[in-house]
Amino acid sequence: MNVPLLDLKAQFATIKAEIMSAIEPVFDNQAFVLGREVELLEQEIAQYCQVPFAIGCASGSDALLLALMALDVQAGDEVITTPYTFFATAGSIARLGAKPVFVDIDPVTFNLNPDLIEEKITERTKAIMPVHLYGQCADMDRINAIAQRHNLPVIEDAAQAIGAEWNGQRACSMGMIGCLSFYPTKNLGAAGDAGCLTTLDEAMAAKLKSLRVHGEISRYYHRYVGINSRIDALQAVVLRVKLRYLEDWTTGRMRHAARYQAAFAAQPGLAEFVQTPTIPSNVRHIINQYVIRANRRDELRAYLKEHGIGTEIYYPLSLHEQECFAFLGHHKGDFPESERASQETLALPVYPEMTTSMQDFVVAKIAEFYSQTAVK
Ligand SMILES: *Cc1c(COP(=O)(O)O)cnc(C)c1O
């Protein structure tokens, strides 16, 4: 049996007719950048995320960059974030000449550990940027309380977390600015690169809208030095079709995750080797990834691959150990939980269209791997 990590073709097959007919008018109109379809998408995303304002842009990475630019983060400033995330989180900070100040993760949720934030705040700190990793919100109560105490804005990197909730509040609605990615592997994926910003603040929304078009306030009049980071009408029409299915797809992922939890729990012998995710009752984890910790992770991964099962490691190297961040002067051991996670975690297939028998196969092969090697 072949079980890929993600099967976008299976998803496309279910919506092909709608997507193709949504695309045609865009070509007929020959208006490809921003425009009416983008405005409608922005309204629908704002509604879905329970925020008043959404501003489309070219990618999730650009959303992070624009958010930092809107907060006037500059060379020499510091932004607190996690070292256990996709590169863009810290890359956007460094891109502006600012310094990513890493704080280790909570080993249970893989998110920023609020206990360790305050000791890293200095007079140069300009913002706190938590990531809602894998689709599970960081502890926004405690992060917001710390931010308030120090009068710092919070940028939510919600690239993996559209529709996730913390105590009933949606990701992107809890900080000053929320950042979404529509990269094809996210729960809501475009036909290429696209992203979005959200905010509760009208003046901030206007600034973000300006920054994505080179800081224009009216045609060819520039208040800021912005960038070109617009969203295409083609992406907007595709995303508007897919947004109608997002709740169904997300609940499908959540159902598969619950099923994995039960299947692993039903094999008590596995508990010694595999740790399944802990999902507290106050969060809605939208399962962009279903990630286990596994003993002898790399061997397990190779074994699953041999049997046609796709997995991925998010992420194999903690950001403080990346070559490009050597200038930060960190060493192995500086962020032990992030480093341990990069050695132990493995994402299993969890896309909405996967079948029950595929899931059973994945769990059976994992059990087989450990039973075979246990006797050796
Ligand atoms: C995907 C992702 C991004 C970047 O999004 P792109 O649209 O690929 O630029 C940023 N942060 C996190 C946590 C992500 O997973």
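Described below are features of the structure shown in this document. (Residues numbered from 1 in each chain as written. Predicted model: local features only at pLDDT ≥ 70, side-chain atom pairs only at ≥ 80, totals over all residues. Heavy atoms only, no water.)

Section: the overall build of the protein
- Helix and strand content of the protein: 10 helices and 15 strands.
- Expected size for 376 residues packed as a compact globule is a radius of gyration near 21 Å; at 21 Å, the protein falls within 12% of this value.
- Projecting the C-alpha coordinates of the protein onto the three principal axes gives extents of approximately 70 × 55 × 35 Å.
- A burial count over the protein gives 56% of its 376 residues as buried.
- Contacts spanning at least 24 positions in sequence make up 71% of the contacts within the protein whose residues lie at least 6 apart.
- Counting only carbon and sulfur atoms, one obtains 52% of the accessible surface of the protein, whose full area is about 16300 Å². (Helix = DSSP H or I, 4+ residues; strand = E, 2+ residues; numbered from the N terminus. Rg over C-alpha atoms; globule rule 2.2 N^0.38 Å. Buried < 20%, exposed > 50% of the residue type's maximum accessible area, 1.4 Å probe, protein only. Contact = heavy atoms within 4.5 Å. Areas by Shrake-Rupley, 256 points an atom, 1.4 Å probe, with all protein chains shown as cover.)

Topic: the pattern of salt bridges
- What the rule picks out here adds up to 20 salt bridges.
- Across the pair arginine 244 and glutamate 18 runs a salt bridge whose closest N-O atoms are separated by 2.9 Å. Of the two residues, arginine 244 is situated in helix 7 (residues 233-265) and glutamate 18 in helix 1 (residues 8-29); the sequence distance between them amounts to 226 residues.
- Residue arginine 244 is classed as exposed on the basis of its relative accessible area of 57%. (Salt bridge = Lys/Arg side-chain N within 4 Å of Asp/Glu carboxyl O.)

Focus: the side chain of glutamate 165
- On the secondary structure map, glutamate 165 appears in strand 6 (residues 165-166).
- Within the local environment of glutamate 165, its side chain forms a polar contact with the side chain of arginine 170, the two groups lying 3.0 Å apart.
- Dropping the residues within four chain positions of it, glutamate 165 is found in contact with Cys137, Arg170, Asn282, Val283 and Arg284. (Polar contact = N/O pair within 3.5 Å; in protein donor to acceptor, adjacent residues only side chain to side chain.)

Points about the environment of aspartate 232
- Turning to its location among the elements, aspartate 232 is positioned in the loop between strand 11 (221-222) and helix 7.
- Classification of aspartate 232 as partly exposed rests on a relative accessible area of 36%.
- The spatial distance from the C-alpha of aspartate 232 to the C-alpha of valine 33 is 4.5 Å, given a sequence separation of 199 residues.
- Those residues in contact with aspartate 232, other than ones at most four positions away along the chain, are Phe32, Val33 and Val38.

Here's the deal with the packing of helix 1 against helix 7
- For the pair helix 1 and helix 7, the least separation of the axes is 9 Å and the interaxial angle reads 150 degrees. Considering the angle they form, helix 1 stands roughly antiparallel to helix 7. With respect to the hand of their crossing, helix 1 and helix 7 are arranged in right-handed fashion. Here helix 1 contributes Gln11, Ile15, Glu18, Ile19, Ala22, Ile23, Val26 and Phe27 to the contact with helix 7, which in turn contributes Ala233, Leu234, Val237, Val238, Val241, Lys242, Arg244, Tyr245 and Trp249.
- Residues belonging to the contact of helix 1 with helix 7 are distributed by class as follows: 13 nonpolar, one polar and three charged. (Axes fitted to C-alpha atoms, helices over the stretch in contact; angles between N-to-C directions. Parallel < 35°, antiparallel > 145°, perpendicular 65-115°, else oblique. Left-handed = near helix turned anticlockwise from the far one by under 90°. Nonpolar A, V, L, I, M, F, W, Y, C, P; charged D, E, K, R; others polar.)

A word on the nonpolar core
- Ile45, Ile117, Ile128, Ile162, Leu180 and Phe182 are the most contacted members of the largest nonpolar core, which totals 46 residues.
- With six residues, helix 2 (residues 36-49) is the largest single contributor of residues to this core.
- Here this core gathers at least three residues from each of two domains, domain 1 (11-243) and domain 2 (246-375).
- Membership of the second largest hydrophobic core comes to 30 residues, among which are Tyr260, Phe264, Tyr303 and Leu348. (Core = buried A, V, L, I, M, F, W, Y, C linked by side-chain atoms within 4.5 Å. Domains from an automatic or database assignment.)

With respect to helix 4 (residues 87-95)
- Considered for burial, the residues of helix 4 that qualify are Ala88, Thr89, Ala90, Gly91, Ser92 and Ile93.
- The inward-facing, buried residues of helix 4 abut helix 3 (60-70), strand 2 (78-81), strand 3 (99-102), strand 4 (125-129) and strand 5 (155-157).
- Two residues or fewer past helix 4, glycine 97 is found with a positive phi of approximately 80 degrees.

Side note on the site of the ligand
- Gly60, Ser61, Gln160, Ser181 and Lys186 are the nearest of the 15 residues found near the ligand.
- The side chain of aspartate 157 places a nitrogen or oxygen atom 2.8 Å from a nitrogen atom of the ligand.
- Separating an oxygen atom of the ligand from a side-chain N or O atom of serine 181 is a distance of 2.6 Å.
- Notes on the ligand: free accessible area 380 Å², of which the protein chains cover 93%.
- Elements that contribute at least two residues to the shell around the ligand include exactly helix 3 and helix 4.
- Of the residues forming the shell around the ligand, the biggest block, three residues, is contributed by helix 3.
- Looking at the shell around the ligand residue by residue, the class counts come to six nonpolar, seven polar and two charged. (Near = heavy atom within 4 Å.)

What about the sheet that holds strand 12 (residues 274-275)?
- If you trace the three strands from one edge of the open sheet to the other, you get 12-14-15, paired in antiparallel fashion. Taken across any chain shown, the strands that pair with only one partner, and hence form the sheet edges, are strand 12 and strand 15 (345-348).
- Pairing geometry for strand 14 (residues 290-294) and strand 15, over four bridges, is antiparallel. Each bridged residue has a counterpart across the sheet, and for arginine 293 the counterpart in strand 15 is threonine 345.
- Seen against the sheet, helix 7 touches strand 12, strand 14 and strand 15 and runs at an angle of roughly 25 degrees to strand 14.
- Lying over the sheet, helix 9 (residues 336-344) contacts strand 14 and strand 15, oriented at roughly 95 degrees with respect to strand 14. (Pairing = 2+ DSSP bridges.)

A short note on the sheet that holds strand 1 (residues 53-57)
- Spatial ordering of the open sheet is given by 1-9-8-5, a layout of four strands whose pairing is mixed. Bordering the open sheet on either side are strand 1 and strand 5, each of which pairs with just one other strand. Sheet twist, expressed as the average angle between the axes of neighbouring strands with direction ignored, equals 20 degrees.
- Pairing between strand 8 (residues 177-181) and strand 9 (residues 195-199): five bridges, direction antiparallel. Pairing of serine 181 across the sheet is with glycine 195, part of strand 9.

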